[in-house]
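If you want the building blocks of each chain, they are given just below.
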Amino acid sequence: MKKINHLGIIVDGNGRWAKERGLSRSEGHKAGAEALRKIILYLSHEKLVNYLSLYVFSTENFGRPTEEVNYLMELFLKWFTTVKKEYRNENIKIYFSGRKEYLRSDIVDAMNALENETADNDGLVVNFCLSYGGRAEIVDATKNIVRKFANNEITINDIDEELFAKNLYHELPDIDFLIRTSGESRISNFMLWQISYAEFYFPKVYFPDFDTKELDKAFKEYESRDRRFGKVK
Ligand code: IPE
Ligand code: IPE
Ligand code: MG
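To keep things clear, this report deals only with the structure shown in the data block. As the structure is a prediction and not an experimental result, all values here were calculated from the model. (Residues numbered from 1 in each chain as written. Chains lettered and ligands numbered in written order. Predicted model: local features only at pLDDT ≥ 70, side-chain atom pairs only at ≥ 80, totals over all residues. Heavy atoms only, no water.)

Brief notes about helix H3 (residues 66–82)
A turn of α-helix holds 3.6 residues, and therefore any two residues three or four places apart point the same way. Look at H3: 24 Å from first C-alpha to last across 17 residues, which is about the 24 Å you get at 1.5 Å a residue. Residues of H3 that are buried include every one of Glu68, Val69, Leu72, Met73, Leu75, Phe76, Leu77, Trp79 and Phe80, and no others. The inward-facing, buried residues of H3 contact helix H2 (25–46), strand S2 (49–58), helix H4 (84–89), strand S3 (93–97), helix H5 (105–117) and strand S4 (125–132). (Helix = DSSP H or I, 4+ residues; strand = E, 2+ residues; numbered from the N terminus. Expected span 1.5 Å × (residues − 1). Buried < 20%, exposed > 50% of the residue type's maximum accessible area, 1.4 Å probe, protein only. Contact = heavy atoms within 4.5 Å.)

Comments concerning the site of ligand 1
Every residue lining ligand 1 is accounted for by Val11, Asp12, Gly13, Asn14, Gly15, Arg16, Arg25, His29, Val56, Asn61, Arg64 and Leu72. Within the side chain of arginine 25, an N or O atom sits 2.9 Å from an oxygen atom of ligand 1. Given that more than half its atoms are within 2 Å of the pocket grid, ligand 1 belongs to the largest pocket. Secondary-structure elements contributing two or more residues to the shell around ligand 1 are helix H1 (14–20) and H2. No other element matches the three residues that H1 contributes to the shell around ligand 1. Here the residues of the shell around ligand 1 are counted per class, giving three nonpolar, five polar and four charged. (Near = heavy atom within 4 Å. Polar contact = N/O pair within 3.5 Å; in protein donor to acceptor, adjacent residues only side chain to side chain. 1 Å grid on protein atoms, 1.4 Å probe; cavity = no way out; pocket = protein on both sides within 12 Å on 5 of 7 lines; lining within 4 Å. Sits in = over half its atoms within 2 Å of the grid points. Nonpolar A, V, L, I, M, F, W, Y, C, P; charged D, E, K, R; others polar.)

Here's what the structure looks like:
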């Protein structure tokens with residue numbers, strides 16, 4: 001199978017998965033998190049991608065009912081505190097992208113601890129987009145650049161696409177392949193800068209049912225795509 005440098009996944013459909021089964025939305029999120037943990041380990045073991053960006057909570061998701069937001073935050077807290085050793089031993093390197101200032105301090109502490117614990121790893125990079133918005137990232141990068149300009153660290157002529165990309169939350173390559181589960185064909189503010197030339201794939205399956213078989217199907221689809229980047233082949 002052709003290796004994908006940077007895979008993006010918009011985790012979607014947890015709520016509808018639960019509703020179809022007469023379960024609460026929270027139970028859908030629990031099942032989605034379990035599916036996601038398996039996908040991460042599979043990608044790490046099989047070495048099918050170098051970078052994995054996961055959209056797990058948008059800045060807009062703070063507008064959901066408090067009970068749901070709180071459940072998700074507890075889920076993240078438990079997840080990030082329990083996988084530290086496992087991810088370190090798996091050689092997985094964790095990044096977080098998003099506005100940490102909107103999050104509870106105990107969750108931010110767990111995120112920082114997980115980033116620190118895995119900082120020296122050089123295997124699969126997993127970038128969790130949490131409290132994340134693509135426009136917010138572009139605004140925050142702009143602020144970084146203006147700050148550097150004001151400190152005389154750069155001049156106007158230094159500002160180009162390469163410099164801009166370096167001022168995003170992390171230095172990540174462009175996304176090659178973007179999967180959004182649940183049949184929705186939209187981006188919902190995910191990594192707007194990094195998806196310029198991404199191939200999109202929108203399987204109908206809800207995320208809790210997105211297993212390694214589904215992932216293999218997605219990879220086959222990617223292999224069939226002809227990427228031209230504006231040129232003629
Ligand atoms: C994705 O599932 C998880 C998050 C956005 C946190 P949803 O909660 O959006 O599930 P649906 O779209 O309502 O089915
Ligand atoms: C996008 O999904 C955000 C995440 C997957 C974290 P949503 O379910 O929140 O997006 P919309 O509302 O369908 O666009
Ligand atoms: Mg959704």
